[in-house]
Amino acid sequence: MTGFATAFTLTNLFWVLFGATAGTLIGVLPGLGTPATIAILLPLSVNLEPATALIMMAGIYYGSKYGGSTTSILLNIPGEDASVVTAIDGYQMAKQGRAGPALGIAAIGSFIAGTFGLIGLTFLAPAVAEMAVIFGPPEYTALMALGLSMVLLLAGRSKLKALIAALGGFLLSTIGIDLFSGATRFTGGRMELANGVEFVALCIGLFAIGEVMVNLENRSGQTFFKVPSKLRELFPNRKDLVASSGAIGQGTVVGFFVGALPGAGSTVASFVSYTLAKRLSRHPEQFGRGSIAGVAAPEAANNSATAGSFVPLLTLGIPGSASTAIMLGALFLYGLQPGPMFFTENPDVVWPIIASMYIGNLVLVLLNLPLVPVFASILRIPYYILYPGIIVISIVGVYSINKSLFDIVLLALFGLLGYVMRKTDFPTAPMVLAFVLGPLFEQSMRRSFVISQGDPTIFVTRPWAAVFLLVAVALFVGPMLARRRNNETDSSDSSPETPTEKEEPAAADLDAVTDEPNKR
Amino acid sequence: MSDSRLVRVVVSGILVVLLTAACGLQPDSGSENGKDFEPTKPEFLVHTGPGGGSDLFVRDVIAMMRKEKLIETNWPVRNEKAGEGAGAMSYLMGKKGDTDTISAMTTTWITTPLTIEGASVTTKDLTAVAGLINEPEIMAVPADSPYDSLSDFIEDAKKKPGKLVQTGGSTTEVGALNGAALQAETDTKWKFLSFEEVGQRVTALLNGDADMMFGAATDFASQVKAGKLKVIGTISPTPSPLYPDAPTTEDEGYETELVAQVRGIMAPPGMPKEAVTYYQELFTKLLETKAWKDYAKKNGLVTKLLTGKKWEKYLAEQNALVKETLKTADLGKG
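Since the model is a prediction, treat every value here as computed from it, not as a measurement.

**Here we look at the overall build of chain B**
Part 1 of the reasoning: Assigned secondary structure in chain B consists of eleven helices and eleven strands.
Part 2 of the reasoning: When the 334 residues of chain B are sorted by exposure, 57% land in the buried category.

Here it is in structure tokens:
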């Protein structure tokens, strides 16, 4: 409670507001990432009290998760890494004239998950930290296998195309310096590729530029977005809230635990939560075509993951992400050392930070909800202005990360790839999923073999690893078996040529509803 | 889409590229006439992303220099993270004769040109401004580990060849190289478990996936304080200010010459003498401040100021040593 008293001082309230607003803005703009912003503001924090500085930084951190969804939903441009998944259904909703509810549920879902994540941080931190430590390479390998098995769930009509796209993403992820040998892989001697392909260039190229190119081809001249006219259409209705509630709940739990694992992060959390939401949904076929639960799940997860990432930082002194690493650096500057004794030794720092996060979450939802109609009105911009605008934002965003013209070339190449993939009906989401999870999978597997001296049974003898692997196998094989069983039932019920045809019209109908020229 | 719209799209794109490029071409302002030299548009380069070791170090240095009134403005930090230092080194090469850009360097700048394909710039090609610190590496093990010294670990490694696990960063980082050098000297073999993040390495130590780790004193400080890890040695000829009682490799009788974890300042080739002198004086003054001394003590750093020929000589020696150690570990280019 003394934490709240400190957090409620005028100075601290100001810095919460400042951090949250700055975070929202950097979340909205692609490129300038959360770690970079926190790092830029680090010198400013030297003149502040330790708790106040951390309060500001935390505000930026979770503010960016709120803002990140905005351009994902409106323009198919992920504002920051963890919002990539939000773009999948969010942008489809925007095209259907439902940008308002999508933005609204992103804010509401973020608020609920963020708050429950904080409750988790307040009461469960030491226990969760103990669990996070149990997670070694075999557990990560199994967890990543679980994530990768979800590629099929992100598939469009063809599972084979999804697998090919995923393989492409996996191969792209292998470019760069190999941590284990120190040698470069597939860089063609180009130093710009030594650290691998820039994730933001890949996502924005595949999603935003690819989309613009497809739409430019459509010479019909009609307005592409359905713009809502009534104010009540701008906010999620009861049905939306009901449809999203399960996804928000699940996203909160998944996000918190994945966020607490050092090295996993909110991007992985949002992917896992999205695919789990699809798996658990009664309408999985709507995912990828404008499902509101498909927006709620990743948004809840990435905000809850933010709270989760403070668990190892504050209780073990282990930063789980670049942003928390900078916060750790800031604490060092003050002579504070987070670790197992931090809560008991520095309650005057820890509790105000946590208390301020509750306030910050409230500030963010109050800040973001009134902005929904303002943001949604962006879609009123005629597309011949909107599309150049998207290209401009994409280029500036990608350039601002490394100030590298090479990244803009990559952006153009991935834009072209995104275009070709849409034209040939290859889904882009599995490619991004494999790009994110692939390296974690590869590295964890190699580490597991180092630990086990080459013995593969390590994946089944360690209980958590075995559980995740079992679920992964079930997820991978389950849909195939279900499909076969359905086909067998169908073929016994009807004429031999009907089964395949039976599935296609359903998808085609949905495409007609979404007015989508090319399906994901 | 009509052709005119296509033109609009293309023109907008070109405008953006030009605008962003123009941002880097603003004319200098506020040039000094009264003093010998002062940077007009200073830029502090680092080879890691925001939150990386060098990035945090440089931001701390700038904050200390401002606090001590050695500089007036907040110098911007530029992150050139491509290729483990190779990108930053190439960037400096491209700034030939520039007086406003300086960069923080670490031992990575010596290792990278020897290990990464396409990394051709070496420290010899650049202007060596000053060496600032050595960071003694600490050897830590879980608190319940049977090892109480480096010798205990090596004795056990002899009994279980190839079984024990050291954790650390990439296989060419200082800890890995020194591990390889010690294995060669003692005719032992153990495994190396690479993790990108320090947090993951410490976790591996805590959950028993790894038996020991060489790292910076601050990597373990909180865990040591909480009694979860213990420090059993210093993998350096100089003791750690944070753990002065931990015996060095020399104390324990090992003769291997170890690669040092150094931090220093480099500048573009051909930087005019007056600019080099300005930066050398600036860092010399910084290293004398109380703020620096406190910082070094808190972070377990050993201040080791080297300028001019001494710094160049030290870099050349370290370069030869890294080359030799890479050969021992069967790593490196070609």
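**A closer look at the side chain of S64(A)**
Part 1 of the reasoning: Topologically, S64(A) is positioned in helix α5 (residues 50-75).
Part 2 of the reasoning: If we skip the residues at most four places from it in the chain, S64(A) touches G23(A), T24(A), I26(A), G27(A), T34(A) and E80(A).

**Brief notes about the pairing of strand β1 (residues 43-46) of chain B**
All names here are of chain B.
Part 1 of the reasoning: A two-sided burial pattern is seen for β1, the buried positions comprising E43 and L45 on one face and F44 and V46 on the other.
Part 2 of the reasoning: As defined by bridge partners, β1 adjoins strand β2 (residues 77-79) across three bridges and the pair is classed as parallel. When the sheet's bridge partners are listed, L45 is paired in β2 with R78.
Part 3 of the reasoning: Following the backbone out of β1, through helix α2 (residues 53-67) and into the adjacent parallel β2, one traces a crossover that is right-handed.

**Observations concerning the packing of helix α6 (residues 174-186) of chain B against helix α11 (residues 308-328) of chain B**
Residues and elements named next belong to chain B.
Part 1 of the reasoning: Two elements in contact, α6 and α11, have axes whose closest approach is 9 Å; the angle formed by their N-to-C orientations is 65°. For the pair α6 and α11, the sense of crossing is left-handed. Across the interface between the two elements, L177, A180, A181 and A184 from α6 touch V322, T325, L326 and T328 from α11.
Part 2 of the reasoning: In terms of residue class, the contact of α6 with α11 is built from six nonpolar, two polar and no charged.

**Observations regarding the confidence of the model for chain B**
All names here are of chain B.
Part 1 of the reasoning: With 89% of its residues at a pLDDT of 70 or more, chain B has an overall mean of 87.
Part 2 of the reasoning: For residues 13-34, every residue scores under 50 in pLDDT, and the model assigns this stretch 15 contacts once sequence neighbours within four places are set aside.
Part 3 of the reasoning: This complex was scored by the predictor with a pTM of 0.79 and an ipTM of 0.77.

**Observations regarding the environment of A162(A)**
Residues and elements named next belong to chain A.
Part 1 of the reasoning: Summarising the element assignment, A162 is placed in helix α9 (residues 159-173).
Part 2 of the reasoning: Judged by its relative accessible area of 0%, A162 falls in the buried class.
Part 3 of the reasoning: Spatially, the C-alpha atom of A162 lies 6.1 Å from that of P430, the residues being 268 residues apart in sequence.

**Section: the interface of chain B and chain A**
Part 1 of the reasoning: Every contact between the two is made by 58 residues of chain B and, on the other side, 63 residues of chain A.
Part 2 of the reasoning: Between chain B and chain A lies a buried interface of about 5,100 Å² when both sides are counted; carbon and sulfur atoms form 64% of it.
Part 3 of the reasoning: For the interface between chain B and chain A, the tally reads three salt bridges.
Part 4 of the reasoning: D209(B) serves as the salt-bridge partner of R462(A), at 2.9 Å between the closest nitrogen and oxygen.

**Let's talk about the environment of I378(A)**
Residues and elements named next belong to chain A.
Part 1 of the reasoning: Mapped onto the elements, I378 comes out in the loop between α17 (372-376) and α18 (383-402).
Part 2 of the reasoning: When its relative accessible area of 27% is taken as the criterion, I378 is described as partly exposed.
Part 3 of the reasoning: Sequence-wise, I378 and S273 are 105 residues apart; in three dimensions their C-alpha atoms are separated by 29 Å.
Part 4 of the reasoning: The residues contacting I378, other than those within four sequence positions of it, are L74, L75 and L386.

**Digging into the pattern of salt bridges**
Residue and element names in this part refer to chain A.
Part 1 of the reasoning: The full count for this structure, using the stated rule, is 21 salt bridges over all chains.
Part 2 of the reasoning: Here D240 makes a salt bridge to R98, at a shortest N to O gap of 2.6 Å. In this pair, D240 sits in helix α11 (residues 238-260) while R98 sits in the loop between α6 (84-95) and α7 (99-134), placing the two residues 142 residues apart along the sequence.
Part 3 of the reasoning: Classification of D240 as buried rests on a relative accessible area of 7%.
Part 4 of the reasoning: Assessed through its relative accessible area of 24%, R98 is described here as partly exposed.
Part 5 of the reasoning: For the salt bridge of D178 with R446, the shortest nitrogen-to-oxygen distance reads 3.0 Å.

**A few points about the packing of aromatic side chains**
Part 1 of the reasoning: Taken as a whole and assessed by the stated rule, the structure comprises 24 aromatic pairs over all chains.
Part 2 of the reasoning: Here a set of aromatic residues connected by ring pairs shows up, and it is made of F37(B), F44(B), W75(B), Y278(B), Y279(B) and F283(B).
Part 3 of the reasoning: Positioned above the aromatic ring of F426(A) is the side chain of K161(A), whose terminal nitrogen or guanidinium carbon lies 5.3 Å from the ring centre.
Part 4 of the reasoning: Between R263(B) and the ring centre of F57(B), over which it is positioned, the NZ or CZ distance is 5.1 Å.

**Re the nonpolar core**
General note: in soluble globular proteins, nonpolar side chains tend to be found buried as a group.
Part 1 of the reasoning: One finds V197(A), V268(A), F271(A), I390(A) and V432(A) to be the most contacted residues of the largest nonpolar core, which totals 101 residues.
Part 2 of the reasoning: Among the elements that make up this core, the one with the highest residue count is helix α10 (residues 199-217) of chain A (twelve residues).
Part 3 of the reasoning: Here I390(A) is in contact with L75(A), I77(A), A208(A) and V212(A), once residues within four sequence places are set aside.
Part 4 of the reasoning: The next biggest cluster of nonpolar side chains, apart from the first, holds 76 residues, and it includes L316(A), V365(A), I138(B) and A217(B).

**Some points on unusual backbone geometry**
Part 1 of the reasoning: The phi angle at N76(A) is positive, at roughly 65°, despite the residue not being glycine.
Part 2 of the reasoning: Relative to the elements of secondary structure, N76(A) occurs in the loop between α5 and α6.

**Comments concerning the side chain of T107(B)**
All names here are of chain B.
Part 1 of the reasoning: Along the chain, the position of T107 falls in the loop between β3 (101-106) and α4 (108-115).
Part 2 of the reasoning: Engagement of the side chain of T107 in a polar contact is seen with the backbone nitrogen of V262, the distance being 3.0 Å.
Part 3 of the reasoning: Once residues lying within four places of it in the same chain are set aside, the contact partners of T107 are V174, V259, A260, Q261 and V262.

**Quick notes on the pairing of strand β8 (residues 212-215) of chain B**
Residues and elements named next belong to chain B.
Part 1 of the reasoning: By the alternation rule, side chains of β8 split into M212 and F214 and M213 and G215, which are all buried.
Part 2 of the reasoning: Sheet analysis places strand β5 (residues 137-142) next to β8, joined by three bridges and oriented antiparallel. Each bridged residue has a counterpart across the sheet, and for A140 the counterpart in β8 is M213.
Part 3 of the reasoning: When strand β6 (residues 165-168) meets β8, the two strands line up parallel, connected through two bridges. Within the sheet, the bridge partner assigned to T167 lies in β8 and is M213.

**As for helix α10 (residues 290-299) of chain B**
All names here are of chain B.
Part 1 of the reasoning: Taken as a whole, α10 has its buried residues at A291, W292, Y295, A296 and N299. One side of α10 holds all its buried residues, which, seen down the axis, span an arc of 130°. Of the residues in α10, the exposed ones pointing more than 90 degrees away from the buried face are K290 and K297.
Part 2 of the reasoning: Here the buried face of α10 lies against α2, β4 (127-134), α8 (217-225), α9 (273-288) and β11 (302-307).
Part 3 of the reasoning: Looking one or two places after α10, you find G300, whose phi comes out positive at around 70°.

**Quick word on the sheet that holds β4(B)**
All names here are of chain B.
Part 1 of the reasoning: Strand order in the open sheet formed by six strands is β2-β1-β3-β10-β4-β11, and the pairing between neighbours is mixed. Two strands bound the open sheet, and with one partner strand each, they are β2 and β11. Taken over all neighbouring pairs, the strand axes of this sheet differ in orientation by 25° on average, direction set aside.
Part 2 of the reasoning: As defined by bridge partners, β4 adjoins strand β10 (residues 262-267) across six bridges and the pair is classed as antiparallel. The residue bridging I133 from the neighbouring strand is R263, located in β10.

Rules used throughout
- Residues numbered from 1 in each chain as written.
- Chains lettered and ligands numbered in written order.
- Predicted model: local features only at pLDDT ≥ 70, side-chain atom pairs only at ≥ 80, totals over all residues.
- Heavy atoms only, no water.
- Helix = DSSP H or I, 4+ residues; strand = E, 2+ residues; numbered from the N terminus.
- Buried < 20%, exposed > 50% of the residue type's maximum accessible area, 1.4 Å probe, protein only.
- Contact = heavy atoms within 4.5 Å.
- Pairing = 2+ DSSP bridges.
- Right-handed = clockwise from strand over helix to strand, strands pointing away.
- Axes fitted to C-alpha atoms, helices over the stretch in contact; angles between N-to-C directions.
- Left-handed = near helix turned anticlockwise from the far one by under 90°.
- Nonpolar A, V, L, I, M, F, W, Y, C, P; charged D, E, K, R; others polar.
- pLDDT = per-residue confidence, 0-100.
- Buried area = accessible area lost by both parts, 1.4 Å probe.
- Salt bridge = Lys/Arg side-chain N within 4 Å of Asp/Glu carboxyl O.
- Phe/Tyr/Trp six-rings, centres within 6.5 Å; stacked < 30°, edge-to-face > 60°.
- Lys NZ or Arg CZ within 6 Å of the ring centre and 35° of its normal.
- Core = buried A, V, L, I, M, F, W, Y, C linked by side-chain atoms within 4.5 Å.
- Polar contact = N/O pair within 3.5 Å; in protein donor to acceptor, adjacent residues only side chain to side chain.
- Arc of directions from axis to C-beta.

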